[in-house]
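Coordinates in review
Here is how the chains run, residue by residue.
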Amino acid sequence: MMTVALVNVALLTVAGSAWMMPSVQRPTLPFGVRVPAQRAGDAAIAGQIRTFRSRVAASGLVGLLAGVALTLAVAGNGDDDTVALVGLAPMVALMLLVALFYLRARRAIQRVKAEDGWYTGVTQRITVDTSLRTGPERLPWPWMLPALLVPLVTLAAGIAAYPEMPDRVPTRTNGSTVVAWQAKSPWVVGVPVAIELATTVLLIALLAWSYRSRADLEPSAPKRSASQHRLFLRRISRALLVLATCGNLTILCAVLPMWQGRAPGPLATVAMLLSALLGTVYVIVVAVRAGQGGSRIATVPAPPAERPDAAHPDDDRHWRLAGLCYVNRDDPAILVQKRIGVGWTLNFGNPRSLLLLVAVLAALLAGVLVPALV
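Residues numbered from 1 in each chain as written. Predicted model: local features only at pLDDT ≥ 70, side-chain atom pairs only at ≥ 80, totals over all residues. Heavy atoms only, no water.

1. Looking at the overall build of the protein
Across its full length, the protein holds nine helices and eight strands. Looking at the protein as a whole, 41% of its 374 residues are labelled buried. Restricting to contacts in the protein with at least 6 residues of sequence separation, those with at least 24 account for 72%. Of the roughly 19,500 Å² that the protein leaves accessible, carbon and sulfur atoms contribute 68%. (Helix = DSSP H or I, 4+ residues; strand = E, 2+ residues; numbered from the N terminus. Buried < 20%, exposed > 50% of the residue type's maximum accessible area, 1.4 Å probe, protein only. Contact = heavy atoms within 4.5 Å. Areas by Shrake-Rupley, 256 points an atom, 1.4 Å probe, with all protein chains shown as cover.)

And the structure:
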């Protein structure tokens, strides 16, 4: 029943995240389409948002009912892996439908934008806040300490438990049953610690880099959007560091019983779920309240539009795959702010971005292959 609940919670998370997505995106980037600020409230955009949300809600409800029926049908005759696999089918179908609904809304807004000439006569500007370089935001170092401390606790726990570990230690379970074992060795203790530490250090490095990336400021309100960007950096970095801490705690709760030669029991499983859920929910709440680049953050005082006739350049041509990938060979930036979701993505037109991507993928591949070869 735990697996059934987890599968359906995951489906509800997908549906809820999709429903909230239009609110998270910048008003000038509805469904990843760049529009002038004075067109952000256009009836065509509002209509597409309503249609998208109604379709997502209906599909989510049908998917939830189908997921419950399928998982309950096989829960009594199959193991946890089979239940999870069957339960994933409605969620995969829902994700495909959400992508289809998104594309239809995006194309409809692009069509109206072109037919009505939304950028005709609009002054297009690029806005830069030099104070983000001369007086940049600082990484919240105190928030990093818990994320870095948990790997040390995991290492200490592993060293303390090592003398009493059985000769063969579980390395993988499917819920309540151990399905893979490994001979006792220092590597058994080292792998979880290495995973915790590597993911935390990688996150901190990417956050530090993102603090130096170009801010996507709104030309119609440069002062307000610069203030929002600073607040966004503070809030989202703290949330991601909390997520890293919770992820490391989840690993710790998983390996403690496995070092004793058994699968995680109910108490450990509940602790793992609560830790993962806490970190995920916190990030989602912060992201929704902040919006893309801090577009939903209220500033005090709230200034009106400073350049109401100005707009960001119409750069849709550089965003491929429905706004997922940014490809601009003339842009020296490596990291740019996403158009879908909250955070940053690579400029795939910059060769240095491709080198960075290859290096990260190589590190992740090494993390998977090395434990299997040792």
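2. Comments concerning the layout of surface pockets
Empty space within the largest pocket amounts to approximately 1,400 Å³. Around the largest pocket, the lining comprises 44 residues; the ones closest to its centre are K338, I340, G341, V342 and G343. Breaking the lining of the largest pocket down by element, the ones donating at least two residues are helix 1 (2-24), helix 3 (80-115), helix 6 (186-211), helix 7 (222-258), helix 8 (266-290), strand 8 (344-346) and helix 9 (351-373). When residues in the lining of the largest pocket are grouped by element, the largest group, eight residues, is from helix 1. (1 Å grid on protein atoms, 1.4 Å probe; cavity = no way out; pocket = protein on both sides within 12 Å on 5 of 7 lines; lining within 4 Å. Points joined across faces, edges and corners; volume = space filled by probe spheres on them.)

3. Some points on helix 6
Taking 1.5 Å per residue, 26 residues should reach 38 Å; helix 6 reaches 37 Å between its end C-alpha atoms and fits that length. By the burial criterion, the buried members of helix 6 are V188, V189, V191, P192, V193, E196, T200, L203, I204, L207, S210 and Y211. (Expected span 1.5 Å × (residues − 1).)

4. Quick look at the environment of D309
Mapped onto the elements of the fold, D309 is located in the loop between helix 8 and strand 4 (310-311). You can call D309 exposed: its relative accessible area is 57%. Contact partners of D309, with chain neighbours within four places excluded, come to Q38, V122 and T123.

5. Regarding the side chain of S213
With respect to the element layout, S213 can be found in the loop between helix 6 and helix 7. S213 sits in the buried class, given a relative accessible area of 13%. A polar side-chain atom of S213 sits 3.2 Å from a polar atom in the side chain of W344. (Polar contact = N/O pair within 3.5 Å; in protein donor to acceptor, adjacent residues only side chain to side chain.)

6. Quick word on the pattern of salt bridges
Counted by the stated rule, this structure contains eleven salt bridges. Residue R34 is joined to D315 by a salt bridge in which the shortest nitrogen-to-oxygen separation is 3.3 Å. Taken as a pair, R34 in the loop between helix 1 and helix 2 (43-75) and D315 in the loop between strand 4 and strand 5 (319-320) lie far apart in primary sequence, 281 residues in all. Here R34 and D315 have matching classes, each one buried. Here R339 and D316 are joined by a salt bridge, their closest N and O atoms 2.7 Å apart. Residue R339 is found in the loop between strand 7 (335-337) and strand 8, and its partner D316 is found in the loop between strand 4 and strand 5; the two are separated by 23 residues along the sequence. Like R339, the residue D316 is buried in the burial classification. (Salt bridge = Lys/Arg side-chain N within 4 Å of Asp/Glu carboxyl O.)

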